[in-house]
Amino acid sequence: MKKIVFSTGAGISAESGITTFRDAGGLWEQYPVMQVASAEGFAADPGLVHRFYNARRHDLAKAAPNEAHKLIAGLQDSFDVRVVTQNVDDLHERAGSRNVLHLHGELMKLRSVIRPEYTETLTPDNLDSSPDTRGRNGDPMRPHIVFFGEAVPEIDTAMRLAASADIFVVIGTSLNVYPAAGLMRCVRPGTPVYYIDPDPAPTPGMPDIRVMAVKATEGMRMLDRELRGI
């Protein structure tokens, strides 16, 4: 069974109504990024950071996986599908994808301030956290988000997945956020690479990429038909 590795970014979740950070009208225009998404910001005002991610969770609770998420999950009947996502939402999982690697953390989880490897999953009826929140083990907890300036713990695993792909697909990313943007260059020579984005970034030195300058849902419809030979 051939292995398809998807590398997904904010563009795929935008079609589910999840506000992106970088686009016009995005969250970075509403919130200073270093206040709500950096270790320094968390140390300076943990209450603000908790409230910011509480609001993101409530937004996520109102969203649903879109057709692109569902088509990726649907390919599991014919391919070994792996998803590496920069997104912190759980829309891939809710669409049915079984193998999802989150590079930048997970919105529906908290992690220990003391022991980063210790995490707990929130439930739909318990979406809020605060500086007073403690884990079941008594540790103070923080959003399970990789803040700016912190290491990306799963990047080595993601690079190995990219290198093992028989087909590699990038969806909904500007290719401006590193180290995730570098995954495309880990793909073995000769491996088919697709890049789906309505405003694709230049890919200098990589002439064999097939660029599909459309939104995630339309691009996945096209790709699904091609991969299934329809």
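The rules behind each value
Residues numbered from 1 in each chain as written. Predicted model: local features only at pLDDT ≥ 70, side-chain atom pairs only at ≥ 80, totals over all residues. Heavy atoms only, no water. Helix = DSSP H or I, 4+ residues; strand = E, 2+ residues; numbered from the N terminus. Rg over C-alpha atoms; globule rule 2.2 N^0.38 Å. Contact = heavy atoms within 4.5 Å. Areas by Shrake-Rupley, 256 points an atom, 1.4 Å probe, with all protein chains shown as cover. Lys, Arg positive; Asp, Glu negative; His and termini not counted. Charge placed at Lys NZ, Arg CZ, Asp CG, Glu CD. 1 Å grid on protein atoms, 1.4 Å probe; cavity = no way out; pocket = protein on both sides within 12 Å on 5 of 7 lines; lining within 4 Å. Points joined across faces, edges and corners; volume = space filled by probe spheres on them. Nonpolar A, V, L, I, M, F, W, Y, C, P; charged D, E, K, R; others polar. Buried < 20%, exposed > 50% of the residue type's maximum accessible area, 1.4 Å probe, protein only.

Trainee: Help me get a handle on the overall build of the protein chain, residues and values and all.
Mentor: Across its full length, the protein chain carries nine helices and nine strands. What you see for the protein chain is a C-alpha radius of gyration of 18 Å, in line with the 17 Å of a compact globule of 230 residues. Dimensions of the protein chain, computed from the C-alpha atoms along their principal axes, are close to 55 × 35 × 30 Å. Put simply, of all contacts in the protein chain between residues at least 6 apart along the chain, 63% involve residues at least 24 apart. When the accessible surface of the protein chain is totalled, it reaches about 11,100 Å², and 52% of it is carbon and sulfur. Side chains of the protein chain carry 25 positive and 29 negative charges; the gap between the two charge centres is 3 Å.

Trainee: Residues and numbers for empty space enclosed by the protein, please.
Mentor: Across all of its chains, the model carries one cavity of 30 Å³ or more by this definition. Empty space within the largest cavity amounts to approximately 50 Å³. Along its surface, the largest cavity is lined by S7, Q86, F168, V170, T173, L175, A180, A181, L183 and M184. Here the residues of the lining of the largest cavity are counted per class, giving seven nonpolar, three polar and no charged.

Trainee: Summarise the environment of G138; cite the residues concerned and give the values.
Mentor: Note that G138 resides in the loop between β5 (119-121) and β6 (141-145). We classify G138 as partly exposed; its relative accessible area is 43%. In sequence terms G138 and S112 are 26 residues apart; their C-alpha atoms lie 9.2 Å from each other.

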